[in-house]
Amino acid sequence: NDGTSVCSKCTNKLNIDHPLVECQNNKCVKYMHFNCYHNKFSKKDWCGPTISDTKVVFCNKKCFDASKIDEILTWNNDGKVGYENEHSSESILLDWITTEGNWSRYNKGKYYRGSSKTHIINEIISLLKSKGVRKERSVDSVKSKIRTWEGSFKLATEWVNGAGAGT
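Worth saying up front: this structure is predicted, and the values here are computed from it rather than measured.

Calculation notes
Residues numbered from 1 in each chain as written. Predicted model: local features only at pLDDT ≥ 70, side-chain atom pairs only at ≥ 80, totals over all residues. Heavy atoms only, no water. Disulfide = S-S within 2.5 Å. Buried < 20%, exposed > 50% of the residue type's maximum accessible area, 1.4 Å probe, protein only. Axes fitted to C-alpha atoms, helices over the stretch in contact; angles between N-to-C directions. Helix = DSSP H or I, 4+ residues; strand = E, 2+ residues; numbered from the N terminus. Parallel < 35°, antiparallel > 145°, perpendicular 65-115°, else oblique. Left-handed = near helix turned anticlockwise from the far one by under 90°. Contact = heavy atoms within 4.5 Å. Nonpolar A, V, L, I, M, F, W, Y, C, P; charged D, E, K, R; others polar. Phe/Tyr/Trp six-rings, centres within 6.5 Å; stacked < 30°, edge-to-face > 60°. Lys NZ or Arg CZ within 6 Å of the ring centre and 35° of its normal.

What follows concerns the state of the cysteines. Per the stated rule, a full pass over the model turns up zero disulfides. Left without a disulfide partner, C23 is nearest to the cysteine sulfur of C63, which lies 3.8 Å away. A residue is classified by how much of its surface remains accessible, and C23, at 1% relative accessible area, is buried.

Bringing the packing of helix α3 (residues 89-98) against helix α5 (residues 117-130) into the picture now. Geometrically, a packed helix pair is captured by the angle between its two axes and the distance between the axes. Axis separation between α3 and α5 bottoms out at 10 Å; the angle between their running directions is 130°. As the angle between them shows, α3 and α5 are arranged oblique. Pair α3 / α5 crosses with right-handed handedness. Residues S89, I92, L93 and W96 of α3 form the contact with α5, whose participating residues are I120, I124, L127 and L128. In the contact of α3 with α5, the residues fall into seven nonpolar, one polar and no charged.

Considering all chains together, one arrives at one aromatic pair under this definition. With a centroid separation of 5.7 Å and an interplanar angle of 35°, the aromatic rings of W103 and Y106 are classed as tilted. Placement of both W103 and Y106 in helix α4 (residues 102-107) is noted, with a separation of three residues, approximately one turn of the helix. Relative accessible area serves as the criterion here: at 29%, W103 is assigned to the partly exposed category. Looking at R137, its charged tip hangs above the ring of W75, at a distance of 4.2 Å from the centre.

Spelled out as structure tokens, the structure:
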């Protein structure tokens, strides 16, 4: 995918302040902003569980119902042996990002030494597959996860630097 996914609820594109999350139905390819999901579906009886701090969303009741049959594979439970496994997509991506040089390589912009972000993300996807994760991740899914972390890091940094620390 080319990174132009839009929210299935509001049709806005992915951005760092409001990242898109993927529908947790393993067979669905739709994305939405968590806030759009929450505003539209949180009052419904089928809106889905929240697994610890992971935001689990479904784009519609059909996907929610289908998930009751299949195991819900999130970023932190898709490793070979399940929840919070050292080889989940989340832990592998975090290890990749914190390996010296990888974040700089990814974050240099559209191209870095002949590699586009999409090319770099495809390398990450290959790494995830080689580690045996049970859910196939798309370019948009990985990009959205990274942007979610960027947004969280930005908010935490602002808070630490006084913007939210009550100073």
